[in-house]
Amino acid sequence: MQKKILVTQSSMPSLEEYIEEIKPIFESKWLTNMGEKHKELEKNLKEYLGVKNISLYTNGHMALYIAIKSFDFPGGSEIITTPYSFSSTTHAIVQNNLKPVFCDINEKDYTIDVSKIESLITDKTVAILPVHVYGHVCDVEKIDEIAKKHNLKVIYDAAHVFGVKYKGTSIANYGDISMFSFHATKVFNTIEGGALVYNDDNKRLILERLKNFGINGPDHVDTVGTNAKMNEFCAAMGICNLRHIDDEIKKREKVYNRYLERLDGIDGITVSKLQDNIISNFAYFPVIFDKEKFGKNRNEVMEELKKENIYTRKYFYPLINDYECYRDKYDSNETPIAKRISDNVLTIPMYADLSIEDVDKICDIILKK
Ligand SMILES: *Cc1c(COP(=O)(O)O)cnc(C)c1O
């Protein structure tokens, strides 16, 4: 049978390396609740990312939910975000009893269009929740400026930008809090997992308490918290994967460069170029198809690849403001650029161990007339 190529493949250490890492857990029998592996991963990540504070969570979504919760915004307050993201971003706002307000994206890098943020600010706006997508970063300086001017918090969905540097420093140093996802499909994974990174030391207490039922010492529960702790086996996977992350990103770069050689400059195809002042992590390879110029649309390319056992994803489609659970309250025509990109985008396979031969095979199928 022809081998399957999926849109992504998780990075993993060798079985031996992982077994070595989990042996102490079998000795201590301490499986979760901020154990030794958890502490070690926190320390290693802080160093790797070059950030001041980090808290670990069971997944990225709960981390984002808790990040928002930690500000204790009045119910019904508005948070400006984009509909061009994974469901998690908007769900985390709504689950906090707050109201998402959708801003369009820019067509250059698919992040929030900073020129459209200010017109959406009302007296109920409390924060901006921009999304760094595909490894591209938002216009962090402009967002900072707008937030300062209007006294808003900035919480980044940084799920796609693990390890990305902007002007030589970690992208996570911008905004009040950034959320990383360590899900199996992400550039760096802990099987399931996530983190919050933040500069304000005073935030640590509440961010840690919210993930452990609001417990504050043996006899005190002072916050309505949830359970979102990272367990020791996930932390151990993270410790192993972090040892290899630079090699993994280098391998992704090779895949990225080959795709670029083959697909850039083709009429009717738009690939995303690296931004200025960025060290990328090559997280995804989105391609925008223009049927009039290219002859095939996104869905046709998707089907042709599928026939050859190559699986792609319409990432992000549908737009969040078109979801069944949100579309009664929103109109996706109000975010026309996001709509057009969402209708025409296909993310093609991208992972460290994808061979150049397979990249060529994928490109041959895409380009076949
Ligand atoms: C993966 C992802 C999340 C959620 O992270 P999980 O770890 O899967 O909970 C949130 N936002 C974006 C943009 C993501 O890609």
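Provided above is the structure to which this section pertains.
Residues numbered from 1 in each chain as written. Predicted model: local features only at pLDDT ≥ 70, side-chain atom pairs only at ≥ 80, totals over all residues. Heavy atoms only, no water.

Points about the sheet that holds strand E6 (residues 165-166)
Spatial ordering of the open sheet is given by E7-E6-E11, a layout of three strands whose pairing is antiparallel. Each of the sheet's edge strands pairs with one partner strand only, and the pair in question is strand E7 (169-170) and strand E11 (278-279). (Pairing = 2+ DSSP bridges. Helix = DSSP H or I, 4+ residues; strand = E, 2+ residues; numbered from the N terminus.)

Side note on the nonpolar core
Core analysis: the largest hydrophobic core is formed by 88 residues, its most contacted members being Tyr84, Ile117, Tyr259, Leu263, Phe285 and Ile366. When residues of this core are assigned to their parent elements, the largest contribution, seven residues, is made by helix H8 (residues 245-263). Two domains share this core, each providing at least three of its residues, namely domain 1 (15-240) and domain 2 (244-367). Phe73, Ala92, Val126 and Leu196 belong to the second-largest nonpolar core, a separate cluster that totals 26 residues. (Core = buried A, V, L, I, M, F, W, Y, C linked by side-chain atoms within 4.5 Å. Buried < 20%, exposed > 50% of the residue type's maximum accessible area, 1.4 Å probe, protein only. Domains from an automatic or database assignment.)

Here we look at the packing of aromatic side chains
Within this structure, the stated rule accounts for 22 aromatic pairs. Aromatic pair Phe182 and Phe188: ring centres 4.9 Å apart, planes at 80°, arrangement edge-to-face. Here Phe182 and Phe188 have matching classes, each one buried. Grouped by ring-pair contacts, the aromatic residues Tyr84, Tyr110, Tyr134, Tyr284, Tyr315 and Phe316 constitute a single cluster. Taking the ring centre of Phe71 as reference, the NZ or CZ of Lys203 above it sits at 3.8 Å. (Phe/Tyr/Trp six-rings, centres within 6.5 Å; stacked < 30°, edge-to-face > 60°. Lys NZ or Arg CZ within 6 Å of the ring centre and 35° of its normal.)

Overview of the site of the ligand
Close to the ligand lie 15 residues; Gly60, His61, Asp157, Ser181 and Lys186 are nearest. His61 places a polar main-chain atom, nitrogen or oxygen, 2.8 Å from an oxygen atom of the ligand. Ser181 is positioned with one of its side-chain polar atoms (N or O) 2.7 Å from an oxygen atom of the ligand. About the coverage of the ligand: the protein hides 93% of its 380 Å² of free accessible area. Going through the elements one at a time, helix H3 (60-69) and strand E8 (177-181) are the ones with two or more residues in the shell around the ligand. Residue composition of the shell around the ligand, by class: four nonpolar, nine polar and two charged. (Near = heavy atom within 4 Å. Polar contact = N/O pair within 3.5 Å; in protein donor to acceptor, adjacent residues only side chain to side chain. Areas by Shrake-Rupley, 256 points an atom, 1.4 Å probe, with all protein chains shown as cover. Nonpolar A, V, L, I, M, F, W, Y, C, P; charged D, E, K, R; others polar.)

Remarks on unusual backbone geometry
Residues other than glycine predominantly adopt negative phi, and peptide bonds predominantly adopt the trans conformation. Here Tyr315 and Phe316 are connected by a cis peptide whose omega angle stands at 20°. With respect to the helices and strands, the residue Phe316 is situated in the loop between helix H10 (298-307) and helix H11 (336-344). Residues other than glycine seldom take positive phi values, yet Met34 does so here, at roughly 50°. Inspection of the secondary structure assignment puts Met34 in the loop between helix H1 (15-28) and helix H2 (36-49).

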